[in-house]
Amino acid sequence: MPTATDILRTTFGYRAFRPPQDRIIETLVSGGNALVLMPTGGGKSLCYQIPAIVRDGCGIVISPLIALMQDQVNALRQQDVAAAYLNSTLDQQTAQQVEQDLLAGRLDLLYVAPERLKQPRTLALLQQAPVALFAIDEAHCVSQWGHDFRADYLQLSLLHEQFPHIPRIALTATADERTREEIITRLALGDAQHFIAGFDRPNIRYRIGLKNNARQQLLRFMKEEHPTDAGIIYCMSRKKTDETAAWLQSHGFNALPYHAGLDSNLRAEHQSRFLREEGLVMVATIAFGMGIDKPNVRFVAHLDMPKTVEAYYQETGRAGRDGEPANAWMVYGLQDVIKLRQMTASSEGNDAFKRAEQHRLNAMLGLCEVTSCRRQSLLSYFGENLPDPCGNCDTCLQPVATWDGTDAARKALSVAYRTGQRFGVNHLIDVLRGANTDKIHQFDHQLLPLHGLGIDIDNNQWRSVFRQLVARGYLSVDLERFGALRLEDKCRPLLKGNEAINLRRDTTTEVAKQTTRTALPDTIDIALWEALREHRRELAEQQDVPPYVIFHDRTLQEMCQSLPTNPQQFGQLTGVGERKLQKYGGSFIAVINGHLQATIT
Ligand code: ADP
Ligand code: ZN
């Protein structure tokens with residue numbers, strides 16, 4: 001009987017477990033239950049796949065993402081694991097075949113949709129079949145508190161009632177306490193071993209910069225750092241989504257729009273192209289999300305600021321699921337702050353709800369304005385403590401300077417007050433900078449003592465002062481008069497001279513410009529990399545599977561670095577098990593040899 005480690009090496013082609021994978025697998029193999037909380041990309045799948053192979057019988061995986069079952073099963077079959085799925089997309093004949101295979105003990109893994117599982121017919125089938133374990137993937141769907149609640153998941157409590165002796169493992173990347181408790185009660189996991197890994201996504205580089213012609217900033221970022229990578233760009237409106245996609249196309253990028261206003265067939269087509277093609281960029285509203293587990297999304301960009309830190313974390317979390325370096329890039333500005341403040345103020349709901357929304361928005365603005373490590377700030381929002389600055393966010397890589405903005409802030413607040421709290425930021429800056437516009441003369445604002453008192457600070461920096469004052473809640477945005485700034489109670493100590501304020505010094509340079517590409521190590525020969533990707537694409541197309549099902553980017557990168565020229569060397573690469581070595585070793589080695597000869601001659 002092969003051990004878990006044997007299977008890890010020969011079937012999956014990995015050298016070692018990433019703790020706590022080994023302990024989770026041990027727990028299940030010896031018949032125990034487990035609750036696993038691990039961030040996206042942490043390696044949850046192996047935690048049930050390997051025990052399912054080691055134990056007698058078939059592992060039943062319950063997953064809400066029907067669209068992805070086929071890809072997951074394809075990926076397992078590539079490694080010679082006997083896997084299948086049962087859901088509404090199968091015709092009757094195929095479904096019957098799967099059922100027979102299950103009963104005959106020919107399957108190691110069977111993916112089942114929750115609505116299928118609860119059918120009496122399926123339950124009867126499972127009672128007769130040899131079942132190794134139940135894995136409940138995306139277990140947070142059982143929580144009514146969470147945002148992905150699925151009614152069908154509530155039925156999963158029947159598992160421990162009807163199959164009390166079969167081990168269960170519930171897995172999720174959603175960490176908050178309340179959801180966790182709901183999972184434990186609903187799935188009766190009180191006696192389960194808990195494996196709670198941190199929430200951090202260390203391979204994601206967080207960068208938040210100031211908006212200054214956002215499209216050009218985005219274009220530069222993509223050209224310099226992700227010219228051929230897959231990525232997602234989030235925008236707030238459908239219109240902006242369409243326009244941005246068209247504009248990127250005109251600049252040579254393979255970009256497609258995705259939003260709820262598109263015809264559903266077109267939406268499905270765009271999603272499937274995103275999964276299957278290399279280097280496709282999806283410009284999307286938040287409608288694009290659930291079930292996007294393409295592993296090699298190399299960047300997520302935000303052209304508009306999300307309303308909450310939760311949304312930001314979830315959206316950026318779609319980058320780098322394969323654990324390789326990825327970028328979370330965002331630009332924002334005063335207008336975003338004003339727009340979001342207005343949106344929350346005018347949203348439906350009672351006061352308590354609005355207060356909660358304001359609170360969440362404040363946290364998001366706080367994250368944008370923070371001058372210390374962004375990852376520390378992000379994680380602490382989720383109740384996790386990161387002892388040291390991460391070294392992989394913009395504020396760590398390019399420390400932000402601060403300045404004593406007390407005097408400037410007082411002037412900014414005073415000018416809003418003296419002009420009757422009826423004007424927007426542009427006019428207030430004009431007054432401070434001593435401009436002589438029609439509007440100033442219309443209201444006699446040239447007569448104010450403050451007129452011209454802020455000439456020493458330029459326009460951009462004044463905008464920065466106002467933005468930070470709004471973001472920190474010293475000023476609010478008047479709904480009745482579009483964009484008019486009003487003083488909040490919080491201003492008092494500052495105006496009275498009892499409080500000082502430190503402000504972020506915004507630089508006009510790029511979003512913490514990084515000199516290195518994050519996706520590929522510098523030492524890689526781009527020509528070889530492209531040739532290997534092209535070969536992978538051909539193979540994927542022949543089999544009608546996404547390219548990453550053949551090999552992950554990581555494996556191709558290692559090919560570029562170690563240049564294997566015989567099967568023995570090829571077998572050492574991460575992600576190359578026995579089956580893949582047999583199937584693909586020869587043709588990839590041929591590509592590498594071809595490239596080596598071309599470069600020598
Ligand atoms: P999750 O479901 O937690 O988001 P996955 O199970 O999809 O994560 O794994 C993420 C990536 O890490 C995959 O590319 C997977 O093949 C890889 N991986 C998982 N475990 C290991 C390991 N022990 N060694 C190397 N790579 C691993
Ligand atoms: Zn940091």
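In this text, all values refer to a predicted model and were calculated from it rather than measured experimentally.

Asker: Is there a simple way to explain the domain arrangement of the protein chain in this structure?
Answerer: Interface size, as often reported, equals the accessible area lost upon joining of the parts. What the domain assignment reports for the protein chain is domain 1 (4-196), domain 2 (204-397), domain 3 (402-504) and domain 4 (526-600). A C-alpha centroid distance of 31 Å is found between domain 1 and domain 4. With 13 residues of domain 1 at the contact, the number on the domain 4 side is 19 residues. Carbon and sulfur atoms make up 47% of the surface buried where domain 1 meets domain 4, a total of about 1,200 Å² over both sides. Three residues, Thr10, Arg15 and Gln78, lead the burial of domain 1 against domain 4; their summed loss comes to 47% of the area buried on that side. Counting the contacts that link domain 1 with domain 4 gives one salt bridge. Across the pair arginine 579 and aspartate 80 runs a salt bridge, and its minimum N-O distance is 3.0 Å.

Asker: Is there a simple way to think about the sheet that holds strand 6 (residues 168-172) in this case?
Answerer: Strands in a sheet are paired, the pairing made by backbone hydrogen bonds, and the direction either parallel or antiparallel. A sheet is described by the order of its strands in space; here seven strands give the open sequence 3-4-2-5-6-1-7, paired in parallel fashion. On the outer flanks of this sheet lie strand 3 (83-86) and strand 7 (193-196), each paired with one strand and no other. In this sheet, adjacent strand axes meet at a mean angle of 20° when their direction is disregarded. Pairing of strand 1 (residues 34-37) with strand 7 involves four bridges; the strand directions are parallel. Directly across from alanine 34, in strand 7, lies its bridge partner glutamine 193. Its contacts with the sheet put helix 10 (residues 177-186) on strand 1, strand 6 and strand 7, and the angle it makes with strand 1 is roughly 160°.

Asker: Sorry, what's going on with helix 17 (residues 374-381) here?
Answerer: Along an α-helix, residues three or four apart share an orientation, since each turn contains 3.6 residues. For helix 17, the full list of buried residues reads Arg374, Arg375, Leu378 and Leu379. The arc that holds the buried residues of helix 17, viewed along the axis, is 125°, so those residues lie on one side. Taken together, the buried residues of helix 17 touch strand 8 (204-210), helix 14 (309-316), helix 16 (351-369), helix 18 (394-397) and strand 17 (502-504). A positive phi of about 80° marks glycine 383, the residue just after helix 17.

Asker: I keep staring at helix 3 (residues 45-54) and nothing clicks. Help me out?
Answerer: Counting buried positions along helix 3 gives nine out of 10 residues, so the element sits mostly inside the fold. Of the residues making up helix 3, those classed as buried are Leu46, Cys47, Tyr48, Gln49, Ile50, Pro51, Ala52, Ile53 and Val54.

Asker: Looking at this structure, I do not really get unusual backbone geometry. What am I missing?
Answerer: Across residues other than glycine, the phi torsion is negative in most instances, and most of the peptide bonds are trans. The linkage connecting proline 19 with the following residue, proline 20, adopts the cis geometry, with an omega of 5°. Residue placement: proline 20 occurs in the loop between helix 1 (4-10) and helix 2 (21-29). If you check the backbone angles, aspartate 544 has positive phi at about 55° while not being a glycine. Secondary-structure assignment places aspartate 544 in the loop between helix 24 (526-543) and helix 25 (547-550).

Asker: I'm lost on the site of ligand 1 in this one. Help?
Answerer: What surrounds ligand 1 is a group of 15 residues, the closest being Tyr14, Gly41, Lys44, Ser45 and Arg321. Glycine 43 is positioned with one of its backbone polar atoms (N or O) 3.1 Å from an oxygen atom of ligand 1. Taking histidine 552, its side chain carries an N or O atom lying 3.2 Å from an oxygen atom of ligand 1. Look at ligand 1: alone it shows 570 Å² of surface, and the protein chains cover 83% of it. Of the residues belonging to the shell around ligand 1, the class tally is five nonpolar, seven polar and three charged.

Asker: Whenever I open this one, the sheet that holds strand 9 (residues 230-234) confuses me. Can you help?
Answerer: Read across the open sheet, the six strands follow the order 8-13-12-9-11-10; overall the sheet is parallel. In this open sheet, the two strands that pair with only one neighbour each are strand 8 and strand 10 (255-258). Adjacent strand axes in the sheet meet at a mean angle of 15° when their direction is disregarded. Helix-sheet contacts for helix 11 (residues 214-225) involve strand 8, strand 9, strand 11 (281-284), strand 12 (297-302) and strand 13 (326-332), and the interaxial angle to strand 13 is about 165°. Packing against the sheet, helix 16 makes contact with strand 8 and strand 13, and its axis sits at approximately 105° to strand 13.

Asker: It is not clear to me how the coordination of the zinc ion (ligand 2) should be interpreted in this structure. Could you clarify?
Answerer: Four donors placed tetrahedrally about a metal ideally form angles of 109.5 degrees, and six donors placed octahedrally ideally form angles of 90 or 180 degrees. On the protein side, the zinc ion (ligand 2) has Cys373 (SG), Cys390 (SG), Cys393 (SG) and Cys396 (SG) as donor atoms, found 2.3 to 2.4 Å from it. Angles of 103 to 119° at the metal separate the four donor atoms of the zinc ion (ligand 2), which places the site in the tetrahedral class. Within one chain, the residues donating to the zinc ion (ligand 2) are spaced in sequence as C-x16-C-x2-C-x2-C. Pair noted here: cysteine 373 is in the loop between helix 16 and helix 17 and cysteine 393 is in the loop between helix 17 and helix 18, with a separation of 20 residues, a long-range link. For the pair cysteine 373 and cysteine 393, a shared accessibility class is recorded, and that class is buried.

Each value, and the rule that gives it
Numbers given for residues are sequential positions, taken from 1 along each chain in its written order. Ligands are numbered from 1 and chains lettered from A, in the order in which they are written. It should be noted that, the model being predicted, local features are given only for residues of pLDDT at least 70 and side-chain atom pairs only at 80 or more, the latter also being counted only at that level, while totals for whole chains, interfaces and linings use all residues. Water and hydrogen atoms were dropped before computing side-chain values, which therefore reflect all heavy atoms in the structure. The domain boundaries here were taken from an automatic or database domain assignment. By definition in these notes, contact holds between two residues if any of their heavy atoms fall within 4.5 Å. In this description, buried area is defined as the sum, over both parts, of the accessible area (probe of 1.4 Å) that is lost when the two are combined. The term salt bridge refers to a side-chain nitrogen of Lys or Arg lying within 4 Å of a carboxyl oxygen of Asp or Glu. Pairing between strands requires that DSSP locate at least two bridges from one strand to the other. Comment: elements are numbered from the N terminus, with helices defined as DSSP H or I runs of at least four residues and strands as E runs of at least two. What counts as an axis is a line fitted to C-alpha atoms, over the stretch in contact for a helix, and the angles between N-to-C directions run from 0 to 180 degrees. Here the term buried applies to any residue with accessible area under 20% of the maximum for its type, exposed to any over 50%, and partly exposed to those in between, with areas from a 1.4 Å probe on protein chains only. As used here, the arc belongs to the directions running from the helix axis to the C-beta atoms. The cutoff for a nearby residue is simple: one of its non-hydrogen atoms must lie within 4 Å of the molecule or strand. Side-chain atoms alone can form a polar contact between residues adjacent in sequence; in general such a contact is a pair of N or O atoms within 3.5 Å, and within protein one must be able to donate a hydrogen while the other accepts it. Working definition of accessibility: Shrake-Rupley area with a 1.4 Å probe, residue cover restricted to the visible protein chains. In this count, Pro and Cys sit with the nonpolar residues alongside Ala, Val, Leu, Ile, Met, Phe, Trp and Tyr, while Asp, Glu, Lys and Arg are called charged and the others, Gly among them, polar. Think of the donor list as every N, O and S atom within 2.8 Å of the metal, or within 3.2 Å for Na, K and Ca; water never makes the list, so a site can look incomplete. All geometry calls rest on donor angles, where a four-donor set with angles between 85 and 135 degrees is tetrahedral, four- and six-donor sets with opposite donors more than 155 degrees apart and all others between 65 and 115 are square planar and octahedral, and all else is irregular.

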